[in-house]
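Architecture at a glance
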Amino acid sequence: SILYQMKVTIIQLDIEWGSPAINIKRVERLMAKEPDSDLYVLPEMWSTGFVTEPTGIAEEEASSISLEWMKKTASNRHCAISGSLAIHVDGTYRNRHYFVDGQTGTVSYYDKHHLFRYGGEDQFYQSGEKHTIVEYKGFRFLLLTCYDLRFPVWSRYADTLDYHAIIAVANWPESRQNAWQILTRARAIENQAFLIGCNRVGNDEYSHYKGQSAIISPIGKTLVNCRPDIEESVSFKLDIEMLNHQRKKFRVIEDRDVY
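This text gives an overview of the structure that appears in the document. All of these numbers come straight from a predicted model, not from anything done at the bench.

**Thoughts on the overall build of the chain**
A count of helical and extended segments in the chain gives four helices and 15 strands. Relative to the 2.2 N^0.38 estimate, which gives 18 Å for 259 residues, the radius of gyration of the chain is 17 Å and therefore close to what a compact globule would have. Across its three principal directions, the C-alpha atoms of the chain cover 50 × 40 × 35 Å. Out of the 259 residues in the chain, the part that is buried amounts to 58%. For the chain, contacts bridging at least 24 residues in sequence account for 68% of all contacts bridging at least 6. For the chain, the exposed area adds up to about 11,400 Å²; of that, 49% sits on carbon and sulfur atoms. Looking at charge distribution, the chain has the averaged site of its 30 positive side-chain charges lying 5 Å from that of its 34 negative ones.

Here it is, written out as structure tokens:
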């Protein structure tokens, strides 16, 4: 008997720079190809592209058409939607990873903790100081954003940070593609958790993005992945019983270092 299964869809998007209305249309088209998902995952800053200088491009949280769309769509589809936005709120800019639960109307968020200093993100944005774990349909998700993947201690499974899956949304360029492939798998293996990694494709002024979004198993196996350089949506059914069986059989987590 299967306790919890969840259909997760990754939306590997070619993001139009600074154009929320266009990007919303693109997401809708990709969602329509996978109509009955429980959870849709969008890339980092999916509505604008990776905006390091947010003035004039980041949306005000209170009037954000992108966040409003996430809420309305999640509610209409009885699903959840996860993805980050460049947001201006309380006088600060945040790279805010939202998780919108359309069934309860709950909006949770995680503010990116590791700002991408190399790209100047730290000069404009305020970093988040706390983890966010979201409970949805029996699953517990840890929210991460892009550069966070490089810091294993921050995502370490712990008694106070227990989860079944990591959602990592990203604008991860082709020049560091090797790291994307390795780190997504490493985080899944060391925490014995599913990892849902959603990256973008296409180009902006600074980089080319190859995508290669994937859902990774707790043993680091690719369960499903998007093709490189192609805007597409792919789905996979996560199974908690499979995860729990794996954790009981091969008890790595019990020998972890506690910091």
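So much for the structure itself; the text now carries on.
**Notes on the pairing of strand S8 (residues 139–145)**
Where burial is concerned, most of S8 is hidden: seven out of the seven residues are buried. Across the two faces of S8 the burial is the same, with Phe139, Phe141, Leu143 and Thr145 and Arg140, Leu142 and Leu144 all buried. Across four bridges, the pairing between strand S7 (residues 133–136) and S8 is antiparallel. If you follow Ile133 over to S8, its bridge partner there is Leu142. The turn joining S7 and S8, which pair antiparallel and follow one another in sequence, is formed by two residues; a positive phi near 50° is taken by Lys137. One ladder, built from five bridges, connects S8 with strand S9 (residues 165–169); its direction is parallel. Looking across to S9, one finds that Phe141 is bridged to Ala165.

**Points about helix H3 (residues 177–191)**
The terminal C-alpha atoms of H3 lie 22 Å apart, and with 15 residues this matches the ideal 21 Å at 1.5 Å per residue to within 8%. Contacts from the buried residues of H3 go to S9, strand S10 (194–198), strand S12 (208–210), strand S13 (214–216), strand S14 (222–225) and helix H4 (240–249). Within two residues after H3, Gln192 carries a phi angle of roughly 45°, on the positive side.

**As for the nonpolar core**
With 47 residues, the main nonpolar core has Leu39, Phe99, Phe141, Ile167 and Ile196 as its most contacted residues. Not counting chain neighbours up to four residues away, the residues in contact with Leu39 comprise Met6, Lys7, Val8, Thr9, Ala80, Ile81, Ser82, Phe99, Tyr136, Phe141 and Ile167.

**Let's talk about the packing of aromatic side chains**
Following the criterion strictly, the structure yields eleven aromatic pairs and no others. Seen in terms of ring centroids, Phe116 and Tyr118 are 5.7 Å apart; in terms of plane orientation they differ by 55°. Their pairing is tilted. Look at Phe116 and you get buried, because its relative accessible area is 16%. Overall, the relative accessible area of 69% leaves Tyr118 in the exposed class. Ring plane angle 85° and centroid distance 5.1 Å describe the contact between Tyr147 and Phe151, whose orientation is recorded as edge-to-face. Judged by relative accessible area, Phe151 falls into the partly exposed class, the value being 29%.

Definitions and limits used
- Residues numbered from 1 in each chain as written.
- Predicted model: local features only at pLDDT ≥ 70, side-chain atom pairs only at ≥ 80, totals over all residues.
- Heavy atoms only, no water.
- Helix = DSSP H or I, 4+ residues; strand = E, 2+ residues; numbered from the N terminus.
- Rg over C-alpha atoms; globule rule 2.2 N^0.38 Å.
- Buried < 20%, exposed > 50% of the residue type's maximum accessible area, 1.4 Å probe, protein only.
- Contact = heavy atoms within 4.5 Å.
- Areas by Shrake-Rupley, 256 points an atom, 1.4 Å probe, with all protein chains shown as cover.
- Lys, Arg positive; Asp, Glu negative; His and termini not counted.
- Charge placed at Lys NZ, Arg CZ, Asp CG, Glu CD.
- Pairing = 2+ DSSP bridges.
- Expected span 1.5 Å × (residues − 1).
- Core = buried A, V, L, I, M, F, W, Y, C linked by side-chain atoms within 4.5 Å.
- Phe/Tyr/Trp six-rings, centres within 6.5 Å; stacked < 30°, edge-to-face > 60°.

Don't take any of this as a statement about function, it's just geometry.
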